[in-house]
Protein chains: 2
Amino acid sequence: MNSPLKPGKVWLVGAGPGSPDLVTVRAVRALGCADVWLVDDLVSPEMSCYARPGAHVEWVGKRGGRCSVTQARIQQLTLQHALAGRAVARVKGGDPLLFGRGGEEAAFLRAHGVPVEVVNGISSGVAAAQALGIALTHRAHCHGVTFVTAHTSEHGSPDWDALVRGGTTLVIYMGMSRLAAIRDGLLAAGMRADTPAAVVMHAGGAQECCWAGTVQTLTDALAAGMASPAVVLVGGVVAEAMPRVMALSSAAP
Amino acid sequence: MNSPLKPGKVWLVGAGPGSPDLVTVRAVRALGCADVWLVDDLVSPEMSCYARPGAHVEWVGKRGGRCSVTQARIQQLTLQHALAGRAVARVKGGDPLLFGRGGEEAAFLRAHGVPVEVVNGISSGVAAAQALGIALTHRAHCHGVTFVTAHTSEHGSPDWDALVRGGTTLVIYMGMSRLAAIRDGLLAAGMRADTPAAVVMHAGGAQECCWAGTVQTLTDALAAGMASPAVVLVGGVVAEAMPRVMALSSAAP
């Protein structure tokens, strides 16, 4: 009789912001070992250059018009592959531990006895700062930086009052459908209307595109063609970007 | 007559939290191209495996008892090498754009006509979450995460009231000499004394070590042997780490 099959390992791999060379060496190694890839939204198709020959690469989650796979189904799929003894790469954009539901997926798998290793990645908010030519923090401007989502189902909007008072640079994810609400929330919280703000679309990817303005003019980013996936950056540090981003903007077709 | 020498390029490279395989593929490429490395505090010596043969690798900044090179002197050194036509890797721990003074160094070099490219890295706060087995954000707990320094010369302490009210996970850098002040600030701001807190020393490196407790017991981390370099994590998400970190702690010598 065979002994019960040992579950395969699952790597929760941060694929970074887009460009295949913005993943870590550890990620490349994990991706090259995996029998199965389950690949999330927004991960660049180019990333599959790291798959070993014969690996099964499956795209899950919404992409364009295709049907979405639910979070529960993705977790079940990952579990099934692991319990069948396969080495699985669960490939996520950015970092799995920052807005990636990586915590939930890891907890689910560990509860089923599956060994899980998380491989950190570069988050799009950090890549956006690189695109703008700014730092997220600057001794002259602020104590730190806050990464928030514009909205969550459980919590409604962020506490803009507290965030503005905290004085950190704000990096807002998943905010493109709520730019007016973000502007209004920030202004109502007493933020100056001329506080520098920027939007970076496809940060760290081949189609990267930047817009710079102020909190007051934030919705102009939509007219300028900015759309999801994009991150919004707000704060004094963004002013450092202006000449460079303006030059990029005028060079655009 | 020779034409004036074209300045060499400077890469501001994020060397990540410690382990050499936690750098990006782009960083490896930049490091392998550079004629000169100017390497910051806290970068692992192992990173020099990526230097090309004959590259000049120079350690700048404080390490142990050695003399510190001032920030101004580091910038002058970088500039001199670049103006002499050399390709320079300015190697920094974590990400150059998050508490790395990367913005200042890039602005200085660009003002002198030197081309600068920033290569993002994994910050120790993100690696700390990986070490603890938690996510920095969780839909059930919070809207986001804030990375702050415990103190800056220009701004005194962070506005703990606003940070606590903001409700994000807090990741506090450079706080080990101020743990009591952090505890007092958080408690005075109304944070519950039993809010989960953790300290991760050498996150993402070979000597990584974790401690978990609460805001009330934060200074116990010192008695447990935690010391700089370390990051402090505070918030509901840290509770998810407890069983795992406790197991690690009891396994420690």
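Structure shown above.
Residues numbered from 1 in each chain as written. Chains lettered and ligands numbered in written order. Predicted model: local features only at pLDDT ≥ 70, side-chain atom pairs only at ≥ 80, totals over all residues. Heavy atoms only, no water.

### What to know about the packing of aromatic side chains
Turning to step 1, where the next piece is worked out: Under the definition given, this model contains 5 aromatic pairs over all chains.
Turning to step 2, where the next piece is worked out: One aromatic cluster is present, formed by Phe99(A), Phe147(A), Tyr173(A), Phe99(B), Phe147(B) and Tyr173(B) through successive ring pairs. (Phe/Tyr/Trp six-rings, centres within 6.5 Å; stacked < 30°, edge-to-face > 60°.)

### Points about the relation of the copies chain A and chain B
Put simply, the two copies of the chain differ by a rotation about an axis and a shift along that axis.
Turning to step 1, where the next piece is worked out: Mapping chain A onto chain B is achieved by rotating through 180° and translating by 0.0 Å along the same axis, at an RMSD of 0.0 Å. Taken together, the rotation and translation describe the operation of a two-fold axis. (Least-squares fit on C-alpha atoms with pLDDT ≥ 70 in both.)

### Quick look at the interface of chain A and chain B
Turning to step 1, where the next piece is worked out: Counting from both sides, the interface comprises 58 residues of chain A and, opposite them, 58 residues of chain B.
Turning to step 2, where the next piece is worked out: Contact between chain A and chain B buries roughly 4900 Å² in total, counting both sides, with carbon and sulfur atoms accounting for 54%.
Turning to step 3, where the next piece is worked out: Inspection of the region where chain A meets chain B yields 8 salt bridges.
Turning to step 4, where the next piece is worked out: In this structure, the salt-bridge partner of Arg29(B) is Asp21(A), at a minimum N-O distance of 3.5 Å.
Turning to step 5, where the next piece is worked out: On inspection of chain A and its partner chain B, the count reaches 26 residue pairs in polar contact (both at pLDDT 80 or more).
Turning to step 6, where the next piece is worked out: Taken together, the elements giving at least two residues each to the side of chain A that touches chain B come down to α1 (25-33), α3 (102-111), α4 (124-132), β6 (144-149) and α5 (160-166) of chain A.
Turning to step 7, where the next piece is worked out: Across 5 bridges, β6(A) lies against strand β6 (residues 144-149) of chain B in antiparallel orientation. In the sheet register, Gly144(A) faces β6(B), and the bridge partner there is Val148(B). (Contact = heavy atoms within 4.5 Å. Buried area = accessible area lost by both parts, 1.4 Å probe. Salt bridge = Lys/Arg side-chain N within 4 Å of Asp/Glu carboxyl O. Polar contact = N/O pair within 3.5 Å; in protein donor to acceptor, adjacent residues only side chain to side chain. Helix = DSSP H or I, 4+ residues; strand = E, 2+ residues; numbered from the N terminus. Pairing = 2+ DSSP bridges.)

### With respect to helix α2 (residues 71-83) of chain B
Residue and element names in this part refer to chain B.
Turning to step 1, where the next piece is worked out: The first and last C-alpha atoms of α2 sit 18 Å apart over 13 residues, in line with the 18 Å expected at 1.5 Å per residue.
Turning to step 2, where the next piece is worked out: Turning to α2, its buried residues number three or more, namely Gln71, Ile74, Gln75, Leu77, Thr78, Leu79, His81 and Ala82.
Turning to step 3, where the next piece is worked out: Looking at the packing, one finds that the buried side of α2 touches β1 (10-14), β2 (36-39), β3 (56-59), β4 (88-92) and α3 (102-111).
Turning to step 4, where the next piece is worked out: One or two positions beyond α2, positive phi appears at Gly85, with a value near 90°. (Expected span 1.5 Å × (residues − 1). Buried < 20%, exposed > 50% of the residue type's maximum accessible area, 1.4 Å probe, protein only.)

### A closer look at α3(B)
Because each turn of an α-helix spans 3.6 residues, side chains separated by three or four positions in sequence point in the same direction.
All names here are of chain B.
Turning to step 1, where the next piece is worked out: In terms of burial, α3 is largely enclosed, as 7 of its 10 residues are buried.
Turning to step 2, where the next piece is worked out: Of the surrounding secondary structure, the elements contacted by the buried residues of α3 are β1, α2, β4 and β5 (116-119).
Turning to step 3, where the next piece is worked out: Count one or two residues on from α3 and you reach Gly113, which has phi positive near 80°.

### What about the side chain of Arg183(B)?
Residues and elements named next belong to chain B.
Turning to step 1, where the next piece is worked out: Following the sequence through the fold, Arg183 ends up in helix α6 (residues 179-188).
Turning to step 2, where the next piece is worked out: For Arg183, a relative accessible area of 18% gives the class buried.
Turning to step 3, where the next piece is worked out: Those residues in contact with Arg183 that lie beyond four places of it in its chain are Val215, Gln216, Leu218 and Thr219.

### Details of the environment of Leu42(A)
Turning to step 1, where the next piece is worked out: Tracing the sequence through the fold places Leu42(A) in the loop between β2 (36-39) and β3 (56-59).
Turning to step 2, where the next piece is worked out: It is 6.1 Å that separates the C-alpha atoms of Leu42(A) and Gly93(A), two residues lying 51 residues apart in sequence.

### A short note on the pairing of β2(B)
Residues and elements named next belong to chain B.
Turning to step 1, where the next piece is worked out: Burial of the side chains of β2 extends over both faces: Val36 and Leu38 are buried on one face and Trp37 and Val39 on the other.
Turning to step 2, where the next piece is worked out: In this sheet, β3 lies alongside β2 in parallel orientation, the contact comprising 4 bridges. When the sheet's bridge partners are listed, Val36 is paired in β3 with His56.
Turning to step 3, where the next piece is worked out: Pairing of β2 with β4, which is carried by 4 bridges, proceeds in the parallel orientation. The residue of β4 that forms the bridge with Trp37 is Ala89.

### Thoughts on the sheet that holds strand β5 (residues 116-119) of chain A
Residues and elements named next belong to chain A.
Turning to step 1, where the next piece is worked out: A sheet is described by the order of its strands in space; here 5 strands give the open sequence β3-β2-β4-β1-β5, paired in parallel fashion. Looking at which strands have only one partner, the edges of the open sheet turn out to be β3 and β5. The sheet shows a mean angle of 15° between the axes of neighbouring strands, taken without regard to direction.
Turning to step 2, where the next piece is worked out: As paired strands, strand β1 (residues 10-14) and strand β4 (residues 88-92) are joined by 5 bridges and run parallel to one another. Its bridge partner lying in β4, Leu12 is registered against Arg90. (Axes fitted to C-alpha atoms, helices over the stretch in contact; angles between N-to-C directions.)

### With respect to the pattern of salt bridges
Residue and element names in this part refer to chain A.
Turning to step 1, where the next piece is worked out: Counted according to the given criterion, the structure contains 24 salt bridges over all chains.
Turning to step 2, where the next piece is worked out: One salt bridge connects Lys9 with Glu117, and the closest N-O pair in it is separated by 2.6 Å. With Lys9 in the segment before β1 and Glu117 in strand β5, this residue pair connects regions lying 108 residues apart in the sequence.
Turning to step 3, where the next piece is worked out: Take Glu117: its relative accessible area is 22%, and that puts it in the partly exposed class.

### A closer look at the sheet that holds β5(B)
Adjacent strands of a sheet form backbone hydrogen bonds with each other and so pair up, either parallel or antiparallel.
Residue and element names in this part refer to chain B.
Turning to step 1, where the next piece is worked out: Across the sheet, 5 strands lie side by side as β3-β2-β4-β1-β5; this open sheet has parallel pairing. What marks the edges here is a single partner per strand, and that holds for β3 and β5. For this sheet, the mean angle separating the axes of adjacent strands, direction not counted, is 15°.
Turning to step 2, where the next piece is worked out: The strands touched by α2 within the sheet are β1, β2, β3 and β4, with β4 carrying the most contacts at an inclination of about 155°.

### A few points about the side chain of Asp21(B)
Turning to step 1, where the next piece is worked out: For Asp21(B), the location among the structural elements is in the loop between β1 and α1 (25-33).
Turning to step 2, where the next piece is worked out: Assessed through its relative accessible area of 13%, Asp21(B) is described here as buried.
Turning to step 3, where the next piece is worked out: A polar contact of 3.5 Å, which involves the side chain of Asp21(B), links it to the side chain of Arg29(A).

### Quick word on the packing of helix α2 (residues 71-83) of chain A against α3(A)
Helix-helix packing: each pair is described by the crossing angle between the helix axes and the interaxial distance.
All names here are of chain A.
Turning to step 1, where the next piece is worked out: At their nearest, the axes of α2 and α3 sit 10 Å apart, and the two run at 45° to each other. By the criterion of interaxial angle, the relationship of α2 to α3 is oblique. Crossing geometry of α2 relative to α3 is assigned as right-handed. Contacts between α2 and α3 involve Gln71, Gln75, Gln76, Thr78 and Leu79 from the first element and Glu104, Glu105, Phe108 and Leu109 from the second.
Turning to step 2, where the next piece is worked out: Its residues assigned to classes, the contact of α2 with α3 comprises 3 nonpolar, 4 polar and 2 charged. (Parallel < 35°, antiparallel > 145°, perpendicular 65-115°, else oblique. Left-handed = near helix turned anticlockwise from the far one by under 90°. Nonpolar A, V, L, I, M, F, W, Y, C, P; charged D, E, K, R; others polar.)

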